[in-house]
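What follows is the residue order along each chain.
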2 protein chains.
Amino acid sequence: MEHGTLILRANWVLPMSHDPLPDGEVVVENGQIVAVRPRSDLSGAEVIEFGDAILMPGLINGHCHLEYTALRGRDDHTPFFEWIRALVALKAKCPPEIWLPSALLGAAELIASGVTFVSDNTDSGASAEALARAGLRGRVYQEVFGVEPEPDDAAILRTLGAKLDALRTTLQRYEATEHISLGIAPHAIYTVRDSLMRAVRQYAREQGLPLSIHAAESSEEVALARSGSGSFAEMFAERKINYLPPRVPPIEYLHNAGILAPDVQLVHATRAEPREQEMMARSGVSVAHCPRSNARLLTGVAPVYAMRRLGIPVVLGTDSAVSAGSLDIWDELRFAALAQRAVSYAAHPTWRDWIGMLTMEGAKAFGVDSQIGSLEAGKRADVIAVRTTRLAFSGMPDPYAALALVARSEDIAFTMCEGRVLYRDGQFTALDPVKLRTQLHELLHGIM
Amino acid sequence: MEHGTLILRANWVLPMSHDPLPDGEVVVENGQIVAVRPRSDLSGAEVIEFGDAILMPGLINGHCHLEYTALRGRDDHTPFFEWIRALVALKAKCPPEIWLPSALLGAAELIASGVTFVSDNTDSGASAEALARAGLRGRVYQEVFGVEPEPDDAAILRTLGAKLDALRTTLQRYEATEHISLGIAPHAIYTVRDSLMRAVRQYAREQGLPLSIHAAESSEEVALARSGSGSFAEMFAERKINYLPPRVPPIEYLHNAGILAPDVQLVHATRAEPREQEMMARSGVSVAHCPRSNARLLTGVAPVYAMRRLGIPVVLGTDSAVSAGSLDIWDELRFAALAQRAVSYAAHPTWRDWIGMLTMEGAKAFGVDSQIGSLEAGKRADVIAVRTTRLAFSGMPDPYAALALVARSEDIAFTMCEGRVLYRDGQFTALDPVKLRTQLHELLHGIM
């Protein structure tokens, strides 16, 4: 066998593109998967035998704000509007040096839960460097805000262009341009005025960059869009901001304004109404579903079952650690699966569907399914091993049910991205979370 | 210091009866807590220093079916009625020797998640011996069924009396009568006919035994009670069973029949209607809330917020591993907390309320709050230590939020019941789960 071949073996292989394979192996060469097959007796190559474990594709976290990881645990039970105002106030007090270590700490938490692709919305821009240094694959959406009269749209677009250039330079410096793509996140309809939303859409089309927009998340946002009332409207009145409500719900507004297209990710869509869901399906947008964040902030449960029936691609996202509490994508999956059953009284999505959203469907939604999302010869070697030795795995016959109902970060034995081992048996190869925690503790001393 | 003193120290002590105590210690002598105080520099006694950890009362699992632990993972997405019929069919195929090791395996899973008191409903009776051997505190409800014409009520009561005698003998043999109490579980309105339900109520009053009844769990059960229609009614028709529907919903029926009283635990109450909630509050019953089981079986979300506002005591239960997937009470807590926020749009119960339901309020609901439920001098020494070193605990300032949003079985460093260490750093002192799994694997070979 040629130099650099690695064989990963386990009692289960879940390719996602094919049926589960008991007693299988995944062969990796030069960052690529070259074979997925029944367990062989080949030796000579480097072999890692995981035994009671599931080998599967690296997971996709469809929406995150890594830079806020260090701000976790600040609120107890404030609803959405109060929560976001408190977060904005807290951000203003933080020294800018915290964003990179905070994002790196979040990256470590993702790697330890088996995530190898993350879609991250960033204000500071720190997440591009964090993903590159962590060895993760992903999408970085540069955030844009603008509701105050100044600066004007043109000035905001100039700043945006400069920020995107800086992100490109960072990715080039780390030779990460093939693994990490860029996008733009006009934050939400209550932080981006109509003219700016349209201008950003136009700019993104010219630049060939995709968009990510928080939409129809809370009742406050819907009230603002529908009738110019509620907490956001009161805040605008206080701040002497002239906000003209579109008089339709948020996603309908985005549709009418020509913003929606297949390159758009809508984050949350918790309150998407049936008519809006039809618009979403027709325009080809995808949805990032972050149910723990939605529950925490009292914004409800997104209509995942209905949206999927219409063919809208849904990916799972942890959102930030501040709202979700942890970046464990398995916690998100479990809450998502049970919450949908609880509110829709439907056994769909099935356990397998949910694992698909974390892998193959997620990869499709980000347009990277030719590279990742399944264990198949020719795909990039993003592979994880989930140990199934904990008591709660006893007697679980179906690997999809076992993963959906039981698996968690602590079961992750191995995380590989692009053939590079990022994490093995509790040890990180590129990151030092203990050092990051100490550094953040010092930087945040006296602030929180 | 006298012989047998043990001092447990940690960076946080959560007594539940008082405010959280940073840098505290709990002093244990002869199975009793003798002091809860700031960290001292006393030596001489045996000291366990947990450092970054939370010392708190042992947790209460308010509803379980330990004997079914080995049957976990059988279904994928069947709703309640099909699920319970499949479970009954599976039980009939199992050799009776499985119930004890299955219950012991479940007990191990509970101990590893920090539970020291469990309320368990048992058909085989195995859970009394399992709890006693595991060193757990708890309540064992002997299940009663009867909808077929034969045997008649008198015969069923005679069998029940014999089963209760056998449970008493078992508890005496293990000298566990002070830690484990008995009760009766007339299973549900669709498995216990009206005359038998009333006879069991009368018998329980005479014997001074409390009751546990599954009530208002599913839409199928409500349809049967309200109008004699639906899946259960069709099953009765097939089996030529003459079932007279009460023509009111299940809990209203139990109220009208004189079943409800402060010694009654209603399990689930998922579909409890406002009028039924009033009846529950007036009669003093408590509720065992098992939200993962409810979600899994497509039966909805119980009105916890509304019931608690009426003063109805609510405890959390995992239900069986077959429906919940795991017996990790922290998974139950997290899903409960987030699901209530998701459906009620209310920040109540708060994180602290939920931890209270697992401790002090739970103890009150079972009438054992003079002995357990808080860390106070004079109470029995049921104490656990939750390590807070995982990445996801980074920066969490509030111990209640940290526990509700992040803690899980893997963080449990130490479980003590009645001053006896049951579990420490992943090792069990009284149980051997690996041996139990092997034994069950052999017993169930060819069955599942």
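On a predicted model such as this, the values are computed, not experimentally measured, just so you know. (Residues numbered from 1 in each chain as written. Chains lettered and ligands numbered in written order. Predicted model: local features only at pLDDT ≥ 70, side-chain atom pairs only at ≥ 80, totals over all residues. Heavy atoms only, no water.)

### Observations regarding the overall build of chain A
No. 1: Summing up its helical and strand segments, chain A has 17 helices and 17 strands in all.
No. 2: For a compact globule of 448 residues, the expected C-alpha radius of gyration is about 22 Å, and chain A comes in at 22 Å, within 12% of that figure.
No. 3: Counting the 448 residues in chain A, one finds 64% classified as buried.
No. 4: In chain A, 73% of the contacts between residues at least 6 apart in sequence involve partners at least 24 apart.
No. 5: Accessible area for chain A stands at about 15,300 Å²; split by element, carbon and sulfur atoms hold 51% of it.
No. 6: The average position of the 43 basic charges and that of the 54 acidic charges among the side chains of chain A differ by 2 Å. (Helix = DSSP H or I, 4+ residues; strand = E, 2+ residues; numbered from the N terminus. Rg over C-alpha atoms; globule rule 2.2 N^0.38 Å. Buried < 20%, exposed > 50% of the residue type's maximum accessible area, 1.4 Å probe, protein only. Contact = heavy atoms within 4.5 Å. Areas by Shrake-Rupley, 256 points an atom, 1.4 Å probe, with all protein chains shown as cover. Lys, Arg positive; Asp, Glu negative; His and termini not counted. Charge placed at Lys NZ, Arg CZ, Asp CG, Glu CD.)

### Thoughts on the packing of aromatic side chains
All names here are of chain A.
No. 1: Overall, the coordinates contain 21 aromatic pairs over all chains when judged by the stated rule.
No. 2: An aromatic cluster is present here, built from Phe80, Phe81, Trp83, Tyr190 and Phe232 joined pairwise through their rings.
No. 3: Taking NZ or CZ as reference, arginine 341 lies 3.9 Å from the ring centre of tryptophan 351, over its face. (Phe/Tyr/Trp six-rings, centres within 6.5 Å; stacked < 30°, edge-to-face > 60°. Lys NZ or Arg CZ within 6 Å of the ring centre and 35° of its normal.)

### Notes on the domain arrangement of chain A
Residue and element names in this part refer to chain A.
No. 1: Here chain A is partitioned into domain 1 (5-57 + 372-433) and domain 2 (59-365).
No. 2: Computed over C-alpha atoms only, the centres of domain 1 and domain 2 are separated by 29 Å.
No. 3: The interface of domain 1 with domain 2 comprises 33 residues on the first partner and 30 residues on the second.
No. 4: Both faces combined, the contact of domain 1 with domain 2 buries some 2,700 Å², and carbon together with sulfur accounts for 68% of it.
No. 5: Considering only the surface of domain 1 that becomes buried against domain 2, Met16, Ala404 and Leu431 emerge as the three largest contributors, covering 20% of it.
No. 6: Along the contact surface separating domain 1 from domain 2 lie two salt bridges. (Domains from an automatic or database assignment. Buried area = accessible area lost by both parts, 1.4 Å probe. Salt bridge = Lys/Arg side-chain N within 4 Å of Asp/Glu carboxyl O.)

### Overview of the layout of surface pockets
No. 1: If you add up the space inside the largest pocket, you get close to 1,100 Å³.
No. 2: Those elements giving two or more residues to the lining of the largest pocket turn out to be helix 2 (99-112), strand 15 (412-417) and helix 17 (433-443) of chain A together with helix 2 (99-112), strand 17 (427-428) and helix 17 (433-443) of chain B. (1 Å grid on protein atoms, 1.4 Å probe; cavity = no way out; pocket = protein on both sides within 12 Å on 5 of 7 lines; lining within 4 Å. Points joined across faces, edges and corners; volume = space filled by probe spheres on them.)

### A closer look at the interface of chain B and chain A
No. 1: Across the boundary between the two partners, chain B contributes 53 residues, which contact 53 residues of chain A.
No. 2: At the junction of chain B and chain A, the tally comes to eight salt bridges.
No. 3: Here chain B and chain A share 16 residue pairs in polar contact (both at pLDDT 80 or more) between them.
No. 4: Here the element with the most residues in the side of chain B that touches chain A is helix 13 (residues 329-344) of chain B; it accounts for eight residues.
No. 5: Per-class residue counts for the side of chain B that touches chain A are 24 nonpolar, twelve polar and 17 charged. (Polar contact = N/O pair within 3.5 Å; in protein donor to acceptor, adjacent residues only side chain to side chain. Nonpolar A, V, L, I, M, F, W, Y, C, P; charged D, E, K, R; others polar.)

### Things to note about helix 5 (residues 194-207) of chain A
Residues and elements named next belong to chain A.
No. 1: For helix 5, which comprises 14 residues, the first-to-last C-alpha distance of 20 Å matches the rise-based estimate of 20 Å (1.5 Å per residue) to within 8%.
No. 2: When helix 5 is considered as a whole, its buried residues turn out to be Leu196, Met197, Val200, Arg201, Tyr203 and Ala204. Down the axis of helix 5, the sector holding all buried residues measures 165°, keeping them to one side.
No. 3: Buried residues along helix 5 sit against strand 8 (137-144), helix 4 (153-173), strand 9 (180-186), strand 10 (211-215), helix 8 (250-256) and strand 11 (264-268).
No. 4: Positive backbone phi, at 70°, marks glycine 208, one or two positions downstream of helix 5. (Expected span 1.5 Å × (residues − 1). Arc of directions from axis to C-beta.)

### A short note on the relation of the copies chain B and chain A
No. 1: Here chain B sits on chain A after a turn of 180° about the axis and a move of 0.0 Å along it, with an RMSD of 0.0 Å. Here the copies are linked by what is in effect a two-fold axis.
No. 2: Comparing interface residues between copies, 100% of those in chain B also lie at the interface in chain A; the contact surface is shared. (Least-squares fit on C-alpha atoms with pLDDT ≥ 70 in both.)

### Quick notes on the pairing of strand 9 (residues 180-186) of chain B
All names here are of chain B.
No. 1: Strand 9 sits mainly inside the fold: six of its seven residues count as buried.
No. 2: With seven bridges connecting them, strand 8 (residues 137-144) and strand 9 associate as parallel partners. Counterpart to glutamine 142 in the pairing with strand 9 is isoleucine 184.
No. 3: After leaving strand 8, the chain enters helix 4 (residues 153-173) and then returns to the sheet as strand 9, a path that is right-handed. (Pairing = 2+ DSSP bridges. Right-handed = clockwise from strand over helix to strand, strands pointing away.)

### A word on the nonpolar core
Note that soluble globular proteins tend to have their nonpolar side chains buried in a common cluster.
No. 1: In terms of nonpolar packing, the biggest core is built from 268 residues, with Trp330 of chain A together with Trp330 of chain B touching the most fellow members.
No. 2: In this structure tryptophan 330 of chain B touches Met56, Leu59, Ser113, Ile355, Ile384, Val386, Leu403, Ala407, Arg408, Ser409 and Ile412 of chain B, once residues within four positions along its chain are discounted. (Core = buried A, V, L, I, M, F, W, Y, C linked by side-chain atoms within 4.5 Å.)

### Side note on the pattern of salt bridges
No. 1: A complete count under the given rule lists 56 salt bridges over all chains for this structure.
No. 2: Note that glutamate 410 of chain B is salt-bridged to arginine 408 of chain A, the shortest N-O span being 2.1 Å. A residue pair is termed interchain when its members come from two chains, as with glutamate 410 of chain B in the loop between helix 16 (399-405) and strand 15 (412-417) and arginine 408 of chain A in the loop between helix 16 (399-405) and strand 15.
No. 3: A salt bridge links arginine 193 of chain B to aspartate 153 of chain B; its shortest N-O distance comes to 2.9 Å. Note that arginine 193 of chain B is positioned in the loop between strand 9 and helix 5 (194-207) and aspartate 153 of chain B in helix 4, a separation of 40 residues in sequence. An identical accessibility class is assigned to arginine 193 of chain B and aspartate 153 of chain B; each is buried.

### Here we look at empty space enclosed by the protein
Empty space among the atoms can be located by rolling a probe the size of a water molecule over them.
No. 1: Within the structure shown, the criterion is met by two cavities of 30 Å³ or more.
No. 2: Contributing to the lining of the largest cavity are Asp331, Arg334, Phe335 and Leu338 of chain A together with Arg292, Asp331, Arg334, Phe335 and Leu338 of chain B.
No. 3: Taken together, the elements giving at least two residues each to the lining of the largest cavity come down to helix 13 (329-344) of chain A together with helix 13 of chain B.
No. 4: Looking at the lining of the largest cavity, its residues break down into four nonpolar, no polar and five charged.
No. 5: In terms of lining residues, the second largest cavity is bounded by Ile33, Pro57, Gly58, Thr116, Ile372, Gly373, Ser374, Arg380 and Asp382 of chain A.

### Focus on the side chain of glutamate 67 of chain B
Residue and element names in this part refer to chain B.
No. 1: Examined against the element boundaries, glutamate 67 turns out to sit in the loop between strand 6 (59-64) and helix 1 (80-93).
No. 2: One buried charged residue, glutamate 67, forms no salt bridge at all, with the nearest opposite charge on lysine 91 at 5.2 Å.
No. 3: One polar contact links glutamate 67 to serine 124, side chain to side chain, over a distance of 2.5 Å.
No. 4: Residue contacts for glutamate 67: discarding those within four places in its chain leaves Trp99, Ser102, Ala103, Asn121, Thr122, Asp123, Ser124, Gly125, Ala126 and Glu143.

### A few points about unusual backbone geometry
No. 1: A cis geometry characterises the amide bond from glutamate 150 of chain A onward to proline 151 of chain A, with omega recorded as -5°.
No. 2: Residue position: proline 151 of chain A is located in the loop between strand 8 and helix 4.
No. 3: For the bond from histidine 348 of chain B to proline 349 of chain B, the omega torsion is -5°, close enough to zero to count as cis.
No. 4: Tracing the backbone shows proline 349 of chain B in the loop between helix 13 and helix 14 (351-357).
No. 5: Despite not being glycine, lysine 240 of chain A shows a phi value in the positive range, around 55°.
No. 6: Residue placement: lysine 240 of chain A occurs in the loop between helix 7 (231-238) and helix 8.
No. 7: Of note in this structure, arginine 247 of chain A is not a glycine but carries a positive phi near 70°.
No. 8: Along the chain, arginine 247 of chain A turns up in the loop between helix 7 and helix 8.
No. 9: Exposure remark for arginine 247 of chain A: the relative accessible area of 54% places this residue in the exposed category.

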